[in-house]
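Each chain is listed here by its residues.
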There are 2 protein chains.
Amino acid sequence: MSEPPSERSEELLLDPFGTTIIKDYEKLYKEFGIEPLKPLLPRIKNPFMAMRRGVIFGHRDFEKIVECMEKNEKFAVLSGIKPTGEFHLGTLMTAREIIYFQQQGADTFYCIADIEAYEDNRIPFEKSEKYAVGNIADVLALGLDPKKAYIYRQSKENHVKDLAIIFGRAVTLATMKAIYGERHMGLYLSALIQVGDILLPQLRDFGGPKPTIVPVGVDQDPHLRLSRDIAQKFRRKYGFESPSATYHKIIKGLDGSPKMSKRSPMSYFTLDEKPETIANKISNAFTGGRPTIKEQREKGGIPEICPVYEIDVFHFVEDDKEVAKTYHDCKAGKLLCGEHKKRTIEYVLKFVKGHRKKRRKYIDKAREILNVE
Amino acid sequence: MSEPPSERSEELLLDPFGTTIIKDYEKLYKEFGIEPLKPLLPRIKNPFMAMRRGVIFGHRDFEKIVECMEKNEKFAVLSGIKPTGEFHLGTLMTAREIIYFQQQGADTFYCIADIEAYEDNRIPFEKSEKYAVGNIADVLALGLDPKKAYIYRQSKENHVKDLAIIFGRAVTLATMKAIYGERHMGLYLSALIQVGDILLPQLRDFGGPKPTIVPVGVDQDPHLRLSRDIAQKFRRKYGFESPSATYHKIIKGLDGSPKMSKRSPMSYFTLDEKPETIANKISNAFTGGRPTIKEQREKGGIPEICPVYEIDVFHFVEDDKEVAKTYHDCKAGKLLCGEHKKRTIEYVLKFVKGHRKKRRKYIDKAREILNVE
């Protein structure tokens, strides 16, 4: 964010969906060995919106999954949610990715990471259970087919806990500290549990081994690296394939901060908030606009740093052409921030209202899936 | 062992059962806060042989258990075995302690620490299962009443695993390192699992909370300190009482080494070895004897450093008076090592043969308890 926008905007004119990716994410390719997604895009018959737009920008071993999709071979998708509250735009992205892969034929695993919620966020299991019911209703309302999915809580899935115990022997303290820093035992334990989640689809009891795609935010890469390392170490015993991953960008905070965060209520909204509150947050969002209308008409806005533009791209404008038009109109000084916000608010509220209507119908089903009274 | 025996032997003449305890274990009282058992002995109606003889020399919060025994109040006993092989004199001690407390009215828990065997000794679960069947047959043959005991494997007891997950949050890495040194994740995880074992009897599902005595070798004190710390931290949630412990001395190696060890086959025997082999190992044992018979007749032997005397005291001579006579006869130069060994071999083989006969009858019962084909 600290670079002069002019330099960046020129480069980005070439790609309305590139936005902040090019400079900020480049080092992930170099330093961490994440591969760019773009070269694989032409081979994907029906790419997900976030893939087309560079929101999903990188991967590890995704080619294996592309091959499965091309040849109609068996593969699995696993991702999940930490049940610490209502659905927000981060969990929405992951949920949509899972649903996308389910629709492409993947055996689907959706994990409620309640052990992580406990270890990392101090949320007792009784409380995370309540969130989990809502979270599952959300993902069902978004289109996940529960008949073809295994939806589970870490705390109730003994295979996952037993895998964590088995993997523990192969993980040194130095590895844990290198990946997660100096944390308490519970956090490390929950990291092992997540490795258990990621490799669960590959157990024989679950029809494995098989290629598995784990679509996540790029901040989850440490879990993936650890999982891939452990998959190798236990390959002989279980026949594990290295799990594949796609990485989406982390959506900016509405207040211009680099990440939506519960600590700043104005930086994000949940799908459960009052429509007026959501509208109000977007109205008050930081933008890439200029200090005066005159200046904006002359120089154009900077969509690359604009969270309102970003939520269009990530979630709320389905037509790629419309997004491109917004981008160019903004840069040309034709679209002012007020107008843009008004339009985005309309899209968001339309989605939220429709979603809630569906969601209500799935609450009982969610309870049934979790076996909760 | 490096002190001049003469100085020590004088001091110990006062107490034939004191043996090496006084100097070697003194620092445990001072530095680690372990309390001496002796002051509590008069309050114990029917003290176990190893208590009377100072083999069980120290404790934490054992007074609470003594009170339960005095007032006929509910308490539990928990200890266990790491299924890494056949019963030896160390596991025999713990088993007898458990049986003693069961006979004093304790709710009895016997844990097969197969997760620890896996994490610490790399023994796969399929293999430790076989050892576990034998180990349980042993403890049943020794007199444990299975109808009044909960015998379980860590790997199959979800309460224990779930407790480890819950406790993880309250344990810093610094604590783990201070107690166990720099180890791999699995070892730390198995330490949390052991805390789960120790507090299991206090769960409501198991009739808790209640005072619990954990009779162990003094080398297990780190687990106890961690468990007591965690019991405090989760007192509000579970109502835990700090678990109590008694500590027995670690039996010396037959070869004179400070500890029986699998790495030195001549240092120990299992209850499963051929009688000739056992006899041979005792025949070849290190003793407290003098270089020549003449010298021994003049100066007397040194029972305090003698493993043959020690196995009498720990296990194989039931009559306190007989042990005291052996001690004094040895010190007076009346009992020579050859004669003593011969007598001890007779006791040991008599016990071993009788035990095996009983043990055979319990193999099926052990399989049934473990639910193993």
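Criteria and thresholds
- Residues numbered from 1 in each chain as written.
- Chains lettered and ligands numbered in written order.
- Predicted model: local features only at pLDDT ≥ 70, side-chain atom pairs only at ≥ 80, totals over all residues.
- Helix = DSSP H or I, 4+ residues; strand = E, 2+ residues; numbered from the N terminus.
- Rg over C-alpha atoms; globule rule 2.2 N^0.38 Å.
- Buried ≥ 20, exposed ≤ 12 C-beta atoms within 10 Å, placed from the backbone.
- Contact = placed C-beta atoms within 7 Å.
- Least-squares fit on C-alpha atoms with pLDDT ≥ 70 in both.
- Nonpolar A, V, L, I, M, F, W, Y, C, P; charged D, E, K, R; others polar.
- Pairing = 2+ DSSP bridges.
- Axes fitted to C-alpha atoms, helices over the stretch in contact; angles between N-to-C directions.
- Core = buried A, V, L, I, M, F, W, Y, C linked by C-beta atoms within 7 Å.
- Right-handed = clockwise from strand over helix to strand, strands pointing away.
- Domains from an automatic or database assignment.
- pLDDT = per-residue confidence, 0-100.
- Parallel < 35°, antiparallel > 145°, perpendicular 65-115°, else oblique.
- Left-handed = near helix turned anticlockwise from the far one by under 90°.
- Expected span 1.5 Å × (residues − 1).

1. Looking at the overall build of chain A
Next, step 1: Across its full length, chain A holds 18 helices and seven strands.
Next, step 2: In summary, chain A has a C-alpha radius of gyration of 21 Å against a globular reference of 21 Å for 373 residues, a match within 12%.
Next, step 3: With respect to the three principal axes, the spread of C-alpha positions in chain A is 65 × 45 × 45 Å.
Next, step 4: Expressed as a percentage of its 373 residues, the buried residues of chain A come to 47%.
Next, step 5: For chain A, the proportion of contacts with a sequence separation of at least 24, taken over those separated by at least 6, is 74%.

2. Structural notes on the relation of the copies chain A and chain B
Next, step 1: Superposing chain A onto chain B requires a rotation of 179° together with a translation of 0.1 Å along the rotation axis, leaving an RMSD of 0.1 Å. Taken together, the rotation and translation relating the two chain copies correspond to the operation of a two-fold axis.
Next, step 2: When the interface residues of chain A are mapped onto chain B, 100% of them again lie at the interface, so the same face is used by both copies.

3. Regarding the interface of chain A and chain B
Next, step 1: Taken together, the contact pairs 20 residues of chain A with 20 residues of chain B.
Next, step 2: Mapped onto the side of chain A that touches chain B, the elements with two or more residues apiece are helix H7 (114-121), helix H9 (158-168), helix H10 (173-180) and helix H11 (185-199) of chain A.
Next, step 3: At five residues, H11 of chain A tops the list of elements feeding residues into the side of chain A that touches chain B.
Next, step 4: Here the side of chain A that touches chain B is composed, by residue class, of ten nonpolar, five polar and five charged.

4. Section: the sheet that holds strand E1 (residues 35-36) of chain A
One key point about sheets: their strands pair by backbone hydrogen bonds, in either a parallel or an antiparallel sense.
All names here are of chain A.
Next, step 1: The mixed open sheet is built from seven strands, whose spatial order is E1-E2-E7-E6-E3-E4-E5. Taken across any chain shown, the strands that pair with only one partner, and hence form the sheet edges, are E1 and strand E5 (149-153).
Next, step 2: Bridging between strand E3 (residues 76-81) and strand E4 (residues 107-112) involves six bridges; their strand directions are parallel. Residue pairing across strands places Val-77 opposite Thr-108, the latter belonging to E4.

5. Side note on unusual backbone geometry
Next, step 1: Along the chain, Gly-208 of chain A connects to Pro-209 of chain A via a cis peptide bond; the corresponding omega equals -5°.
Next, step 2: Note on placement: Pro-209 of chain A falls in the loop between H11 and strand E6 (212-217).

6. Considering the sheet that holds strand E6 (residues 212-217) of chain B
All names here are of chain B.
Next, step 1: Reading across the sheet, the seven strands line up as E1-E2-E7-E6-E3-E4-E5 and stay open at both edges, with mixed pairing between neighbours. Of all strands in the sheet, those bounded by a partner on one side alone are strand E1 (35-36) and strand E5 (149-153).
Next, step 2: Relative to strand E7 (residues 244-248), strand E2 (residues 56-60) is paired through four bridges, and the arrangement is antiparallel. Bridging from a neighbouring strand, His-59 pairs with Thr-246 of E7.
Next, step 3: Helix H6 (residues 89-103) contacts strand E3 (76-81), strand E4 (107-112), E5, E6 and E7 of the sheet and is inclined by roughly 160° relative to E3.

7. Comments concerning the environment of Lys-233 of chain A
Next, step 1: For Lys-233 of chain A, the position within the fold is in helix H12 (residues 221-233).
Next, step 2: In this structure, the C-alpha to C-alpha distance between Lys-233 of chain A and Phe-167 of chain A, residues 66 residues apart in sequence, is 8.9 Å.

8. Details of the environment of Arg-290 of chain B
Residue and element names in this part refer to chain B.
Next, step 1: Counting through the fold element by element, Arg-290 comes out in the loop between helix H14 (275-283) and helix H15 (293-299).
Next, step 2: For Arg-290, a count of 18 C-beta atoms within 10 Å gives the class partly exposed.
Next, step 3: Apart from residues lying up to four places away in sequence, Arg-290 is in contact with Glu-295, Gln-296, Lys-299 and Gly-301.

9. Points about the nonpolar core
The tendency in soluble globular proteins is for nonpolar side chains to be buried side by side.
Next, step 1: Formed by 207 residues in total, the largest nonpolar core has its most connected members in Leu-192 of chain A together with Leu-192 of chain B.
Next, step 2: Leave out the neighbours within four places in its chain, and Leu-192 of chain B touches Met-185 of chain A together with Ala-164, Phe-167, Gly-168 and Val-171 of chain B.

10. As for the pairing of E4 of chain B
Residues and elements named next belong to chain B.
Next, step 1: Burial analysis of E4 places six of its six residues in the buried class, which makes it a mostly covered element.
Next, step 2: Chirality of the crossover, the property in question, places the unit of E3, H6 and E4 among those that are right-handed.
Next, step 3: With five bridges connecting them, E4 and E5 associate as parallel partners. Of the residues in E5, the one forming a bridge with Ile-112 is Arg-153.

11. Section: the domain arrangement of chain A
All names here are of chain A.
Next, step 1: For chain A, the assigned domains read domain 1 (1-17 + 253-373) and domain 2 (34-250).
Next, step 2: The straight-line distance from the C-alpha centre of domain 1 to that of domain 2 is 26 Å.
Next, step 3: Counting only elements with at least two residues in the side of domain 1 that touches domain 2, the list comes to helix H16 (307-316) and helix H18 (337-370).
Next, step 4: Ranked by the residues each element gives to the side of domain 1 that touches domain 2, the list is headed by H18, at ten residues.
Next, step 5: Classifying every residue of the side of domain 1 that touches domain 2 by side-chain character gives 14 nonpolar, three polar and nine charged.

12. A word on the confidence of the model for chain A
Residues and elements named next belong to chain A.
Next, step 1: Overall, the prediction assigns chain A a mean pLDDT of 92, with 94% of residues at 70 or greater.
Next, step 2: Predicted confidence is poor over residues 1-16, with pLDDT under 50, and the contacts of this stretch with residues over four places away or in other chains come to 18 contacts.
Next, step 3: Scored below 50 in pLDDT, residues 18-22 makes eleven contacts in the model with residues more than four places away or belonging to other chains.
Next, step 4: Complex prediction metrics read pTM 0.89 and ipTM 0.86.

13. Some words on the packing of helix H7 (residues 114-121) of chain B against helix H11 (residues 185-199) of chain B
Residues and elements named next belong to chain B.
Next, step 1: Where H7 contacts H11, the axes come no closer than 9 Å and their chain directions differ by 160°. As the angle between them shows, H7 and H11 are arranged roughly antiparallel. For the element pair H7 and H11, the recorded crossing hand is left-handed. Residues Ile-115, Glu-116, Glu-119 and Asp-120 of H7 form the contact with H11, whose participating residues are Gly-186, Leu-187, Leu-189, Ser-190, Ile-193 and Gln-194.
Next, step 2: Considering only residue class, the contact of H7 with H11 consists of four nonpolar, three polar and three charged.

14. Notes on the packing of H11 of chain A against H12 of chain A
Residues and elements named next belong to chain A.
Next, step 1: Following both chains from N to C, one finds H11 and H12 inclined at 65°, their axes separated by 9 Å at the closest point. It follows that H11 is roughly perpendicular to H12 by the angle criterion. Once H11 is placed against H12, the crossing between them reads as right-handed. Within the contact between the two elements, H11 uses Ala-191, Gln-194, Val-195, Ile-198 and Leu-199 and H12 uses His-223, Leu-226, Ser-227, Ile-230 and Ala-231.
Next, step 2: Among the residues forming the contact of H11 with H12, the class breakdown is seven nonpolar, three polar and no charged.

15. Observations concerning the environment of Ser-244 of chain A
All names here are of chain A.
Next, step 1: With respect to the secondary-structure elements, Ser-244 resides in strand E7 (residues 244-248).
Next, step 2: Spatially, the C-alpha atoms of Ser-244 and Ser-283 are 39 Å apart, while their sequence positions differ by 39 residues.
Next, step 3: In contact with Ser-244, other than residues within four places in its own chain, are His-59, Arg-60, Asp-61, Phe-62, Lys-64, Ile-65, Pro-211, Thr-212, Ile-213 and Val-214.

16. Describing the pairing of E6 of chain B
All names here are of chain B.
Next, step 1: Buried residues dominate E6, accounting for five of its six residues.
Next, step 2: When E3 meets E6, the two strands line up parallel, connected through two bridges. Bridging from a neighbouring strand, Val-77 pairs with Ile-213 of E6.
Next, step 3: With five bridges connecting them, E6 and E7 associate as parallel partners. Bridging across to E7, Val-216 finds its partner in Tyr-247.

17. Brief notes about helix H12 (residues 221-233) of chain B
Next, step 1: Its 13 residues give H12 of chain B an end-to-end C-alpha distance of 18 Å, which sits within 8% of 18 Å, the value for a rise of 1.5 Å per residue.
Next, step 2: Listed in full, the buried residues belonging to H12 of chain B are His-223, Leu-224, Leu-226, Ser-227, Arg-228, Ile-230 and Ala-231 of chain B.

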